[in-house]
Amino acid sequence: MAHNTESEACDLLMEIECLDMLEQFVDSGCYERVCLYLISCVPYVPEPEDKNLLKTALNLYYKFEVYPLALRCAIQLNDMELVQQVFANCKDPAVQKQLAFILGRQQLFLELDEDQFPDAEELMEIMSNVHLNTNFQSLARELDIMEPKVPEDIYKSHLENVRSYGPSNVDSARQNLAASFVNGFVNCAFGNDKLLAENGNKWLYKNKEHGMMSATASLGLILLWDVDGGLTQIDKYLYSSEDYIKCGALLACGIVNSGVRNECDPALALLSDYVLHQSSNMRLGSIVGLGLAYAGSNREDVIELLLPVLCDSKSTMEVIGQTALALGMVAISTCHGEVTSTILQTMMEKSETELKDTHTKFLALGLALTYLGKQEEAALTIEALKVVGNPLGKMAATLVEVVAYAGTGDVLKIQKMLHLCSEHFEVVKDDPKIKDKKEKAEHEKKKLESETGIAQQSVAVLGIALIAMAEDLGAEMALRSFSNLLRYGEPGIRRIVPLALGVLSASNPRLEIIDTLSKLSHDSDAEVAHNAIFAMGIVGSGTNNARLANMLRQLAQYYHKDANNLFMVRLAQGLVHLGKGTLTLSPYHSDRMLMSRVAVGGLLGVMTAFMDVNGLIIGKSHYLLYHLVSAIQPRMLVTFNEELKPLPVPVRVGQAVDVVGQAGKPKTITGFQTHTTPVLLAHGERAELGTNEYTPLTPIMEGFVILRKNEEMEE
């Protein structure tokens, strides 16, 4: 330790499994480097060991009272008791507020005792993200982007040189639906727009049936996080005579509450009456809304409200699927016993024809989400799924396994998934010539086997991306595997690869990925093209990436007569300009160390829907796109003083540099520019204070940071 070779000391102790000896050798000079090394080893070690490394780092941070970093370790361990301990041990009120901001970003909430914490109320407010909307809007005012945009500002169709002779044959209701989504994405969280604000009804009636539902729900996107102001604007649509508008408004209520906790629980109060409504559309609106509003809260009252829907005889498969997903989102990564057993029970009771319904995928996903990141704790459930009929049983087992290891970078699991993808399944068509019963039974059996195999493979492909996104090396390797799968894989696999690429680098438009997707967007297989275009939107979401915007404009010209592909292009254009370029869908934050579970759940919900693009997204279930809401977060850095008043200071923003295991005090960013806060941080950028007047209360400059006056300066 004294010779600056901390990494070798750690390696030695890891080999002899005596990491607990570290504490006596570490002093205040080198603990930062030791912990950095330990944490960066986590993705590369086998299962029980990774938890030991994090616990060791946590104890070291305790020893030197660096509570924000200790909290990160506790969150990564996914252990709520540890999180509570860190919070309770921290005595400095300002640092407590900083911890509350970190928890709020991860959407974790602690019930605090007023006797123990004098500022309990304020701390709980911060954790509830109540201020998110006001802070985001003040950022927008700083950047001078409050002016609402219309979809035409994004399409820029005057730059396209399409001469239209005679009537253009593109379905206008479809175009209006696309415009509703784009309008929602672009003005997301700004609280103002040009289509719905002045005379909303006029615009809503330009959509048909299910389109009305999605168009009304886009109001929720525009008013995102603004619980008090937003609900009053949505309220008038709840009394609409048109059922679709009504259920869209229910969904909008859920969206507005997404990621924000409110003491009077408006979402629960408004939506609970409709969960067992006669009309299945009303059920859908309220159930999906509840899933979004209480994602990650693990609230018993919400779970108890949703469980009866699974067993209700009147529920359609679609309602059951969405209920399972909503339950999975609420109880995400908690291994909630009741939720898992009820979903399993529902799966076992379904008949063979019902198991082939496209909505059963969501039963599997809801089950899987309860085990998100829980690793081996999912083993029992995977065993239990062997009882469930195929194709659902095997697909669900694979999905649960993949999701349990999401973001761990576990190499063995990736190999297992690649192995699954290398198998070959014939697509078996129904053959009317077979009359003989025996032959028919065998034919059915073959057909079932191939369907099962294909379903399993599609999950495996997504799984590779989910597991590998934890660290950059794994992601690079996954990219190579995907290019092989594209060349040699089955059509079923090729359809999912674009989605997997989207998951792998959400909101991080890397050149090689954009180029691959751009090639695939002209593919002869329509589903591959749809998925690739949508993935372009996910990869560039909220970046305003000029190159992508240009590609999408060219695609819009290329597909100007093909309604379905044009719909996808419009969606992607809306996503690239998400929140006018101030928001992100990336599930990683806090220097790419913490994975926001709710965000992963939301991304997975949308990707699962895209496994059957034609049936769900282009069909009538396009409201599933709103699952992206749980992943939307502002990519900003805002600095406050200890009274939580905004405090503009100069910061240097540059590309983050990996300094693990380097000697001395290397620079952590390169090629920086100096800005005044609040600032936007792009993917892979890091900020540091450009002044010695203040010290930040957390070493990680991201999101909301509290600054403290530097005493030494004043003397």
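Computed from a predicted structure; not experimentally measured.

S.K.: What am I meant to see in the nonpolar core here?
M.R.: Most often, soluble globular proteins keep nonpolar side chains buried together rather than apart. Ranked by size, the top nonpolar core spans 253 residues in total, and within it Leu38, Phe87, Met347, Phe482, Phe534 and Met568 carry the most contacts. When residues no more than four places from it in sequence are discounted, the contact partners of Met568 are His530, Ile533, Phe534, Phe610, Val613, Ile617 and Ile618. Grouped together as the second largest cluster of nonpolar side chains are 13 residues, Val649, Val651, Leu681 and Tyr694 included.

S.K.: Teacher, can you tell me more about the packing of aromatic side chains here?
M.R.: Given two aromatic rings, one states the distance between the centres and the angle between the planes to describe the pair. For the coordinates displayed, the defined rule picks out 13 aromatic pairs. Taking 5.7 Å as the distance between ring centres and 20° as the angle between the ring planes, the aromatic pair formed by Phe101 and Phe640 counts as stacked. Of the two residues, Phe101 sits in helix H7 (residues 93-105) while Phe640 sits in strand E5 (residues 636-640), which places them 539 residues apart along the sequence. Look at Phe101 and you get buried, because its relative accessible area is 8%. According to the relative accessible area criterion, Phe640 is buried, its value standing at 3%. Considering the side-chain rings of Phe136 and Phe190, the 5.4 Å spacing of their centres and the 65° angle between planes classify their relative orientation as edge-to-face. You can see Phe136 sitting in helix H9 (residues 132-143) and its partner Phe190 sitting in the loop between helix H11 (172-186) and helix H12 (200-204), a full 54 residues away along the chain. Within the aromatic cluster, the residues linked to one another by ring pairs are Tyr31, Tyr61 and Phe64. Here the basic side chain of Arg570 rests over the ring of Tyr155, its NZ or CZ set 3.8 Å away from the ring centre.

S.K.: Help me understand the pattern of salt bridges in this model?
M.R.: When the charged atoms of two side chains lie near each other, side chains of opposite charge can form a pair. Tallied over the entire structure, the rule returns 20 salt bridges. The partner of Lys386 in a salt bridge is Glu383, with the nearest N and O atoms 3.2 Å apart. Its relative accessible area of 47% is what places Glu383 among the partly exposed residues.

S.K.: For this particular structure, what's the right way to read a nonpolar patch on the surface?
M.R.: Residues Tyr44, Leu473 and Met477 make up a contiguous nonpolar surface patch of about 360 Å² in total accessible area. The topology assignment puts Leu473 in helix H27 (residues 472-488).

S.K.: It is not clear to me how the sheet that holds strand E9 (residues 685-689) should be interpreted in this structure. Could you clarify?
M.R.: Within a sheet, adjacent strands bond to each other through the backbone by hydrogen bonds, running parallel or antiparallel. Strands sit in the order E7-E6-E9 across an open sheet of 3 strands; the sheet is antiparallel. Of all strands in the sheet, those with a lone pairing partner are strand E7 (669-676) and E9, marking the two edges. Taking each pair of neighbouring strands and ignoring which way they run, the sheet shows an average axis angle of 30°. Of the strand pairs in this sheet, strand E6 (residues 650-656) and E9 are connected by 5 bridges, and their pairing is antiparallel. Looking at the pairing, Val653 lines up with Ala687 of E9.

S.K.: Whenever I open this one, helix H31 (residues 546-558) confuses me. Can you help?
M.R.: An α-helical turn contains 3.6 residues, so a residue and the one three or four places further along point in the same direction. Taking 1.5 Å per residue, 13 residues should reach 18 Å; H31 reaches 18 Å between its end C-alpha atoms and fits that length. Considered for burial, the residues of H31 that qualify are Leu548, Ala549, Met551, Leu552, Arg553, Leu555 and Ala556. Taken together, the buried residues of H31 touch helix H10 (151-155), helix H29 (511-520), helix H30 (526-539) and helix H32 (563-576). Its side-chain oxygen placed 3.0 Å from the backbone nitrogen of Arg547, Asn545 serves as the N-cap of H31.

S.K.: Just checking my understanding: could you explain the packing of helix H24 (residues 392-404) against helix H26 (residues 437-468) for this structure?
M.R.: The relative placement of two packed helices comes down to the angle between their axes together with the axis-to-axis distance. Their axes nearest at 8 Å, the elements H24 and H26 cross at an angle of 5°. The orientation of H24 relative to H26 falls into the category roughly parallel. For the pair H24 and H26, contact is made by Lys394, Met395, Thr398, Leu399, Val402 and Val403 and by Thr452, Ala455, Gln456, Val459, Gly463, Leu466 and Ile467, respectively. Its residues assigned to classes, the contact of H24 with H26 shows 8 nonpolar, 4 polar and 1 charged.

S.K.: Before we go on, may I ask you to explain the sheet that holds strand E11 (residues 703-709) in this structure?
M.R.: As summarised here, the arrangement of the 4 strands in space is E8-E5-E11-E10, forming an open sheet in which the pairing is mixed. Looking at which strands have only one partner, the edges of the open sheet turn out to be strand E8 (679-680) and strand E10 (694-696). Set on the sheet, H7 makes contact with E5 and E11; between it and E11 the angle comes to about 170°. Sheet strands in contact with H9 are E5, E8 and E11, and its direction is about 105° off that of E5.

S.K.: What is the right way to read the pairing of E5 from this model?
M.R.: The side chains of a regular strand alternate, residue by residue, between the two faces of the sheet. Most of E5 is tucked away, with 5 of its 5 residues classed as buried. Bridge count for E5 against E8 is 2 bridges, and the pairing is antiparallel. The residue bridging Met636 from the neighbouring strand is Leu680, located in E8. In the sheet, E5 pairs with E11 via 4 bridges, with the strands oriented parallel. Residue pairing for E11: Val638 is matched across the bridge by Phe704.

Criteria and thresholds
- Residues numbered from 1 in each chain as written.
- Predicted model: local features only at pLDDT ≥ 70, side-chain atom pairs only at ≥ 80, totals over all residues.
- Heavy atoms only, no water.
- Core = buried A, V, L, I, M, F, W, Y, C linked by side-chain atoms within 4.5 Å.
- Buried < 20%, exposed > 50% of the residue type's maximum accessible area, 1.4 Å probe, protein only.
- Contact = heavy atoms within 4.5 Å.
- Phe/Tyr/Trp six-rings, centres within 6.5 Å; stacked < 30°, edge-to-face > 60°.
- Helix = DSSP H or I, 4+ residues; strand = E, 2+ residues; numbered from the N terminus.
- Lys NZ or Arg CZ within 6 Å of the ring centre and 35° of its normal.
- Salt bridge = Lys/Arg side-chain N within 4 Å of Asp/Glu carboxyl O.
- Patch = residues over 30% accessible without salt bridge, like charges linked within 9 Å, V, L, I, M, F, W, Y side chains within 5 Å.
- Areas by Shrake-Rupley, 256 points an atom, 1.4 Å probe, with all protein chains shown as cover.
- Pairing = 2+ DSSP bridges.
- Axes fitted to C-alpha atoms, helices over the stretch in contact; angles between N-to-C directions.
- Expected span 1.5 Å × (residues − 1).
- Polar contact = N/O pair within 3.5 Å; in protein donor to acceptor, adjacent residues only side chain to side chain.
- Parallel < 35°, antiparallel > 145°, perpendicular 65-115°, else oblique.
- Nonpolar A, V, L, I, M, F, W, Y, C, P; charged D, E, K, R; others polar.

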